[in-house]
Amino acid sequence: MATHKTEAALNRRQLPSRPLLEEFSLLFYIGKIWGINAQDFQEFRNHKHLEKSLGGNCLVIVITVCVFICFNLMVWVFHDPEYSVEKDIFTVALALILTYFSLAVYLTDRYTHLRTQDQLMEIFDTLHDLDDDLMELGIEVDNSPIRYRILLQIVFASICESLVFLFTFAFLVSHDSWTSGLWIFTAVPTYCNALDKIWYNTIVLAIKKRFEIINAEFDNMALEMQRQASKQIITMPVFSVEKESNRKIHPRKMKVQPSMIPSFNQKGILNDSRNKSKKEFLGPKSNIDLNMPSSGTGPIFNEMLENRFEKICQLHNELCVMGVELNGIWSVPILALMAYGFLMVTAQLYFFYCATVNQIIPSLFRPANSLVITIIFLLYVSVKCFSILMLSWLTNLESKKSGVCIHRCATAADNGRIYEMVNHLSLKLFNHAVDFNASGYFSLDMDTLFGFLGGISTYLIILIQFNIEQQQVRSAAASGGLTTANNDESIAKTIAENATELITQMFATTDDISASQQFQ
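Residues numbered from 1 in each chain as written. Predicted model: local features only at pLDDT ≥ 70, side-chain atom pairs only at ≥ 80, totals over all residues. Heavy atoms only, no water.

**Some details on the overall build of the protein**
Tallying secondary structure elements over the protein gives 15 helices and two strands in all. Out of the 520 residues belonging to the protein, those deemed buried represent 41%. Nonlocal contacts in the protein, meaning residues at least 24 apart in sequence, comprise 77% of its contacts between residues at least 6 apart. Carbon and sulfur atoms form 63% of the exposed surface of the protein, whose accessible area is close to 28300 Å². (Helix = DSSP H or I, 4+ residues; strand = E, 2+ residues; numbered from the N terminus. Buried < 20%, exposed > 50% of the residue type's maximum accessible area, 1.4 Å probe, protein only. Contact = heavy atoms within 4.5 Å. Areas by Shrake-Rupley, 256 points an atom, 1.4 Å probe, with all protein chains shown as cover.)

**Considering the pattern of salt bridges**
Counted under the stated rule, the structure contains eight salt bridges. Between D118 and K52 there is a salt bridge, and its shortest N-O distance comes to 3.8 Å. With D118 in helix α7 (residues 117-136) and K52 in the loop between α3 (41-47) and α4 (54-77), this pair connects stretches of sequence that are 66 residues apart. The exposure class of D118 is partly exposed, given its relative accessible area of 46%. Classification of K52 by relative accessible area gives partly exposed; the value is 42%. Between D196 and K197 there is a salt bridge whose closest N-O contact spans 3.0 Å. (Salt bridge = Lys/Arg side-chain N within 4 Å of Asp/Glu carboxyl O.)

**A short note on the environment of E310**
One can find E310 in helix α11 (residues 299-356). Classification of E310 as partly exposed rests on a relative accessible area of 31%. Sequence separation between E310 and M421 is 111 residues; the distance between their C-alpha atoms is 7.1 Å.

**Focus: a nonpolar patch on the surface**
Together, L26, L151, V155, I159, L163, L166, F167, F171 and V372 give the surface a local cluster of nonpolar side chains, amounting to about 780 Å² of exposed area. Take the nonpolar patch: its biggest share by element is seven residues, from helix α8 (residues 144-171). Checked against the element boundaries, L26 lands in helix α2 (residues 25-33). (Patch = residues over 30% accessible without salt bridge, like charges linked within 9 Å, V, L, I, M, F, W, Y side chains within 5 Å.)

**Points about α4**
For α4, built from 24 residues, the straight-helix expectation of 34 Å at 1.5 Å per residue is met to within 8% by its first-to-last C-alpha distance of 35 Å. Here α4 has its buried residues at G56, N57, V60, T64, V67, F71, M74 and V75. (Expected span 1.5 Å × (residues − 1).)

**Quick notes on the packing of aromatic side chains**
For the structure on display, the rule yields 21 aromatic pairs. Ring centres of F24 and W199 lie 5.1 Å apart, and the angle between their planes is 25 degrees; on these two criteria the pair is classed as stacked. Separated by 175 residues along the polypeptide, F24 in the loop between α1 (2-14) and α2 and W199 in helix α9 (residues 188-234) bring together distant segments of the chain. Per residue, the accessibility class of F24 equals that of W199, and both read buried. Residues F167 and F171 carry aromatic rings whose centres are separated by 6.4 Å and whose planes lie at 55 degrees to one another, so their mutual orientation is tilted. Taken together, the positions of F167 and F171, both in helix α8 and four residues apart, correspond to about one turn of that helix. Judged by relative accessible area, F167 falls into the partly exposed class, the value being 30%. It is K48 that lies over the ring of F44; its NZ or CZ is 5.7 Å from the centre. (Phe/Tyr/Trp six-rings, centres within 6.5 Å; stacked < 30°, edge-to-face > 60°. Lys NZ or Arg CZ within 6 Å of the ring centre and 35° of its normal.)

**What about the layout of surface pockets?**
Considering only enclosed or pocket space, the largest pocket measures out at about 510 Å³ in volume. Surrounding the largest pocket, 23 residues form its lining, F90, T91, L94, Y350 and L463 being those nearest its centre. Counting residues per element, the ones that place at least two in the lining of the largest pocket are α6 (89-115), α11 and α14 (446-486). In terms of residues, the lining of the largest pocket owes the most to one element, α11, which gives seven residues. (1 Å grid on protein atoms, 1.4 Å probe; cavity = no way out; pocket = protein on both sides within 12 Å on 5 of 7 lines; lining within 4 Å. Points joined across faces, edges and corners; volume = space filled by probe spheres on them.)

**Details of empty space enclosed by the protein**
For the structure shown, the criterion picks out five cavities of 30 Å³ or more. T186, Y340, M344, L364 and F377 are the residues nearest the centre of the largest cavity, which is lined by 21 residues in total. The set of elements that each furnish at least two residues to the lining of the largest cavity consists of α6, α8, α11 and α12 (371-413). Taken together, the residues of the lining of the largest cavity break down into 14 nonpolar, six polar and one charged. Empty space within the second largest cavity amounts to approximately 70 Å³. Going through the elements one at a time, α6 and α11 are the ones with two or more residues in the lining of the second largest cavity. Across the lining of the second largest cavity, the residue classes break down as four nonpolar, three polar and two charged. (Nonpolar A, V, L, I, M, F, W, Y, C, P; charged D, E, K, R; others polar.)

**Considering a negative patch on the surface**
On the surface, a cluster of negative charge is made up of E122, D125, D129 and E318. Ranked by residues supplied to the negative patch, first place goes to α7 with three residues. Among the secondary structure elements, D129 is positioned in helix α7. (Lys, Arg positive; Asp, Glu negative; His and termini not counted. Charge placed at Lys NZ, Arg CZ, Asp CG, Glu CD.)

**With respect to the side chain of Q117**
Here Q117 lies in helix α7. Relative accessible area serves as the criterion here: at 2%, Q117 is assigned to the buried category.

**Notes on the confidence of the model for the protein**
Put simply, the protein has an average pLDDT of 77, and 72% of its residues get 70 or more. The secondary structure element of the protein with the lowest average pLDDT is strand β2 (residues 252-256), at 40, and the one with the highest is α4, at 94. When the criterion is pLDDT under 50, residues 8-17 qualifies, and its contacts beyond four places in sequence or with other chains add up to 13 contacts. Here residues 505-520 is a poorly scored stretch, pLDDT under 50, and it has zero contacts once near neighbours within four places are set aside; other chains count. (pLDDT = per-residue confidence, 0-100.)

This is the structure in structure tokens:
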């Protein structure tokens, strides 16, 4: 056992890939500053390991409370009384709900992170163990692209948040008092939410990459099994058939003459030049001894293939279980984010329409007054939602692709034990299917994206129609009130004119009906 661990450690040092959590260093440090990550700072810096910390939990709680207080103070400072007077109660209440939606998403993220710390640390530990198992099989996992993905997402979120905040603060916010600096708390909840979702996206990306590696290994094993099966057919013993002169009892007499006999050295080890190709297939770090008395297509080599196939199937099952656990951790925050994205994109487009027709909009939706800021905001929110949907959908497809790969291996091997393992893994895939969803309300795939686009278009048209109708009613009411205030006799005159017009239309209709009957 000690020798096995020593060999695994040597293999880990020889491979160029780095630990997975080391690629999360930048994201962890930024999240620690913003009060997102509650894990121990020293433990991560020294050993690249996530560990619970009482001080970290207290820091997250304190920062969350401060953000909550400052956000409410900002809403009170930037409250616009004119909007409440002009709009009806329902519209004002809806604008208030939309204003606090970003804060609700922020609080949901922080509560979920504090509650599911153990599960998150367990996922990373499982990923590290899985990487070690793949290294023992000679399969290299390169984690370096993850760092660049994290950096790209952080830069994109930072640029979008900074542009929206700076443009709005510079051109659309009054700087008469020091309280105008509270406007920064419009960006704090959304930026923290973006950092939190980068963790989710990156872990899903890591799981997807390992599914791809396992599927590629299944394909390689299927090819090797087909190659071995073809060699077995070619190297089968050749039977010579000799005709006997005596055809009374046996018309033909068959003598078995093997065409090739394996040779062994003094130690009883098979002299086979194909050991090199086997070693390449099984991996440079495999502990399987190929110098055993067996032919190139013998039962020992088939058993090695079966053991390798069984080990990879176990790793695939662990990945599926890990995907289910990851979905359970982030299901509620993702549901809140999708609801936020749907409502905010619709509201931003609607308030941009209101701004173009010179209507008053809520104070916290001032970016809608500018086309450039509106485009940046819509792009930022859309990319956050779209990236989650896309990565979850692709990972789900990659996990389902494994079923095709393992059945290809079973067909190539044509072995009863392989068939049994494939059937067993198929049941596990059915029971532990990787289906990322938002708390069961909808799946995170492209169908949901198209549904969101259709819903946004529908509700936007409905809101614009209600707005047009409301403006028409207000204009008619204002015109009627002004006429009544100037002249009370105009009411009776208007009623008389309307009555006369109604009677005229009735008679005109009757005449038209009579004329039509005469024409017929």
